Amino acid sequence: MNSVLNRWSRVLAVSLCGFVRLLAQPSDAATVTGTVLDIAGKGIPSAAISVKSEANGSARQTMSGTDGKFSVAGLPAGTYSIEVTAPSFATSRRSGLKLAAGGTENVSISLNVGELSQTVTVEGTVSVAAEMAPSQSTLEARSAKSEISPEFIQNFSSPVADYTELLNMAPGTFSVNPNGIGLGDSKTYFRGFADGQYTMTVDGIPFNDTNSPTHHSWAFFPGQFIAGIDFDRSPGSASTIGPTNFGGSINMLSRSVPYGMNIKASAMYGSFNTRMLALDLDSGQFGGKSKKSSFVINLHQMLSDGYQTYNYQKRIAGFLKYQYRLSDRTTFTVFAGLVDLWTNTPNTKGPTRAQVDQFGDNYLMSGDPSRADYYGYNFYHVQTDFEYFGIKSDLGRGWKLDTKMYTYRYWNKQNYNGTTITKTSAVDKLNGYRKVGDVLAVNHESARGIFRTGLWFEWAYTDRYQIPSDPRTWVDTPLGNFHEQFITKSFQPFAEYEYKITRDLSLTGGLKLANYNMNFTQYADNGKTVGSLNGAPYVIHDATFRSWMPSLDARYKLQTNWTVYAQFATGSVIPPTNVFDTKGALVAVLPKPTTTKTYQLGSVLKFNRVTLDVDGYYSHFQNPYSNAPDPSGEPIYYQTGPSNTKGVEAESNILIGYGFSLYLNGTLGSAKYQNTGLWVQNAPKNTETIGFTYQLRGWDLGFFNKRIGAMYNDNGSTNQAVAIDPFNVTNLFLNYTVRGDSYLRGTKVRFGLNNLLDKHSIVGVNPALASSAVSPNDILTMLPARSVSLTVTFGYAPAH
């Protein structure tokens, strides 16, 4: 009898609560209902839905049910945006949804599979702190990673920033562009890894140079193309493809194709006479009743005098991304991007100590043609294009296909002068290549786990030369310093299985083969590289490098908002092409690829008001390659001894309330050579970031400070030669965006201050003396002066 009474008491209490809640809602409140679907039309359970007012920024969150359905009631009339995230699916965002007083809008939202998520996924719980975080890991993570949010890129970075600067506030990273934000070719460092020791991808496609796997921040993908970054600080699993995964992967996402139509025209002006004009066009869905097509276009031109004297920059760029939904199961994507860059930059890219003392720290080149450092004797013209055709399809019965066929070209025509003016003091230089490839992934998901297999294949043709020349006439000598042409073939098949031992515990093991073949032709030169080759016009090398790379990781969900993981992974990288640069082109023993082993442990925790990600790592390198610039600025590669890298990293976002959040991250680690105990260059002992943001009612305010701890630079093959003191990078941003029902929603004013405290720290030294003693001829890398920017965007967004 008591059990019956208790049961009826609970039913009555629930009914009364529901009745009170119904009475509390205003009679003119609106409601959004709908279903979250996969591309096969099946409901997605436990998807996180956020419905945000475009007028005041207030948001309501809920989760979809087991059938994918959701409902958010009690909303004031107005215009709203909806964001939906779910594990293993790309985030979907819709804006401009108009709710009438007392009305109900029903929406069906389809999520695509396979693309990297652009925001955090919080399964089983709603975390406002996660939604506001500039950077964080995910509960699906199986390794240490940070996802840089689209909101951080759009609101808390310079409009002309490149990808190195978008990463600058993430755990452990640093980069410096001495000519100013986005005005040069800068590099990212983390955990003691230099550029060339990690993979970079765009929409899952690796890109890098062919003579060494390095990258160029001023080419291929300006910040205007980038919507988000998945920063994986691990070799990844077997299914993580790329040439140098052992250091990690920086995975950039191109901008997604929006649901509705938007047109934006932007004008930016800033310090160093930097200006940019940009046009963005989002088509919305079109194509008759079915509306299967949509595209996004960006066109922009950037001009700048640069912080450094006569280091002019001019860039014209544009991209198109088009999507066609063939059916509920299959989507086609076409992407095309073009960049054309002109710049006056010497090969050394920095002043000497003597020049800084005499002219100031912004000195780089002279306007006097009688001087060897005249800017007219130093210039680049860099042209790049990048295209791919992608197919994503649900094949049925748990099978899914994702393939991207691609091609891209890098053509860097550079002319630079040395320290004198003679008929041979300058260099006429070319570094050009064309690549064609395919990234293929096939997955099968069952109740017991996920099987992943596929391959990466790439073919590349490269032409490189350097020829002594007269900077006054650019008449070249008959023989060059070197001339080489080569074809590289990369082939990486993989297979892995993620076994779901229980609902909360999964174990993933896999194996990948990295196979590279290089057919390398070296032509006779003036003696600087291979020499006369005993009268032969050229020699041909054929080299094959092969490595098997196993991986194993485990992930356990302690609670719906708390995941822990452990990982073991291996990596490798083939030697740079200059291992063939010996007199007579005689290479008796072909060097082996550099190999690594990495061990990691980590935890990801999400509360409503706090996120906390922590990881620890240990990596062992077997004789990696490093490089140092010669007097002309060209990199000279050399093999180092084995090294060990270890440390801890933490990242957190704390929701204070009323739109305010506090973002924190920190790292503590070491990267040292095993045989000597000396530090690897550009490996800070610690880093710390503090960010303070306000995001509410159209306003975005962000203050970020990154401190880079003490580190060392090498002097050629001499390690730990020059001590670099700690330095700080401090930025401030303030924006206002028009929201609500206006056709001008999306109109925005952006104000930015980079290097707010106007620090001019020395962050890099290339010593002039073998002893590493301080010399007036040391070449310095320094922080550029404080820069200010103002950007006005006029938006037009017709009703959907």
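Each remark here, short or long, concerns the structure printed above.
Residues numbered from 1 in each chain as written. Predicted model: local features only at pLDDT ≥ 70, side-chain atom pairs only at ≥ 80, totals over all residues. Heavy atoms only, no water.

(A) Fine view of unusual backbone geometry. Its identity as a non-glycine residue notwithstanding, arginine 191 has a phi of 55 degrees, on the positive side. Phi at asparagine 273 is positive, roughly 55 degrees, even though this residue is not glycine. When its relative accessible area of 27% is taken as the criterion, asparagine 273 is described as partly exposed. (Buried < 20%, exposed > 50% of the residue type's maximum accessible area, 1.4 Å probe, protein only.)

(B) Layout of the nonpolar core. Ranked by internal contacts, the top residues of the largest apolar core, which has 63 residues, are Phe207, Phe220, Phe221, Ile229, Ile250, Met252 and Phe386. In this structure isoleucine 250 touches Leu167, Phe190, Tyr198, Thr199, Met200, Thr201, Ile229, Asp230 and Phe231, once residues within four positions along its chain are discounted. Counting residues in hydrophobic clusters, the runner-up holds 19 residues, among them Ile49, Val51, Val84 and Val107. (Core = buried A, V, L, I, M, F, W, Y, C linked by side-chain atoms within 4.5 Å. Contact = heavy atoms within 4.5 Å.)

(C) Quick peek at the sheet that holds strand β5 (residues 78–85). In spatial order, the strands read β3-β2-β5-β6; together these four strands make up an open sheet with antiparallel pairing. The open sheet is flanked by β3 (59–63) and β6 (92–99), the only strands paired with a single partner. When strand polarity is set aside, the average angle formed by the axes of neighbouring strands in this sheet is 20 degrees. Examined bridge by bridge, strand β2 (residues 48–53) and β3 share five bridges and lie antiparallel to one another. The residue bridging valine 51 from the neighbouring strand is arginine 60, located in β3. (Pairing = 2+ DSSP bridges. Helix = DSSP H or I, 4+ residues; strand = E, 2+ residues; numbered from the N terminus. Axes fitted to C-alpha atoms, helices over the stretch in contact; angles between N-to-C directions.)

(D) Quick look at the packing of aromatic side chains. Applying the stated criterion to the full structure yields 45 aromatic pairs. Both rings, one in phenylalanine 660 and one in tyrosine 694, keep their centres 4.7 Å apart while their planes meet at 45 degrees; by these two values the pair is tilted. Here tyrosine 694 lies in strand β33 (residues 686–696) and phenylalanine 660 lies in strand β32 (residues 660–673), a separation of 34 residues in the sequence. Taken together, the aromatic side chains of Phe207, Phe220, Phe221, Phe225, Phe319, Phe335, Phe386, Tyr388, Tyr406, Tyr408, Tyr410 and Tyr433 make up a single cluster linked through ring pairs. The side chain of lysine 404 reaches across the aromatic face of tyrosine 388, ending 5.9 Å from its centre. (Phe/Tyr/Trp six-rings, centres within 6.5 Å; stacked < 30°, edge-to-face > 60°. Lys NZ or Arg CZ within 6 Å of the ring centre and 35° of its normal.)

(E) Molecular detail of the pairing of strand β14 (residues 262–270). Sheet topology places β14 next to strand β15 (residues 274–282); nine bridges connect them, and they run antiparallel. Paired with methionine 268 across the strands is methionine 276, a residue of β15. Hairpin connection, β14 to β15: the antiparallel pair is bridged by three residues, and phenylalanine 272 has positive phi, about 65 degrees. Two strands pair when backbone bridges link them, and β14 and strand β41 (residues 787–796) are joined in this way by eight bridges, in the antiparallel orientation. Looking across to β41, one finds that alanine 267 is bridged to valine 792.

(F) Up close: the pattern of salt bridges. Following the criterion strictly, the structure yields 31 salt bridges and no others. A salt bridge links lysine 145 to aspartate 230; the shortest N-O distance between them is 3.2 Å. With a gap of 85 residues between them, lysine 145 in strand β9 (residues 145–148) and aspartate 230 in strand β12 (residues 226–232) connect regions that are remote in the sequence. Residues lysine 145 and aspartate 230 agree in their burial class; the two are buried. The partner of aspartate 402 in a salt bridge is lysine 404, and the shortest N-O contact between them spans 3.8 Å. Assigned by exposure class, aspartate 402 and lysine 404 land together as buried. Members of the salt-bridge network, linked through shared partners, are Glu140, Arg142, Arg452, Glu496, Glu498, Asp553, Arg555 and Lys557. (Salt bridge = Lys/Arg side-chain N within 4 Å of Asp/Glu carboxyl O.)

(G) Structural detail: the sheet that holds strand β1 (residues 30–37). Read across the open sheet, the three strands follow the order β4-β1-β7; overall the sheet is mixed. Of all the strands in the sheet, just β4 (69–75) and β7 (104–110) have a single pairing partner and so form its edges. Pairs of neighbouring strands in the sheet enclose a mean axial angle of 20 degrees, with direction left out of account. Sheet analysis places β1 next to β7, joined by seven bridges and oriented parallel. Paired with valine 32 across the bridge in β7 is glutamate 105.

(H) Structural view of the side chain of serine 186. Its location among the elements puts serine 186 in the loop between α4 (163–166) and β10 (199–202). The exposure class assigned to serine 186 is buried, which follows from its relative accessible area of 3%. A distance of 3.3 Å separates the side chain of serine 186 from the side chain of aspartate 162, its partner in a polar contact. Apart from the residues within four sequence positions on either side, serine 186 is in contact with Asp162, Thr164, Val176, Asn177 and Ser217. (Polar contact = N/O pair within 3.5 Å; in protein donor to acceptor, adjacent residues only side chain to side chain.)

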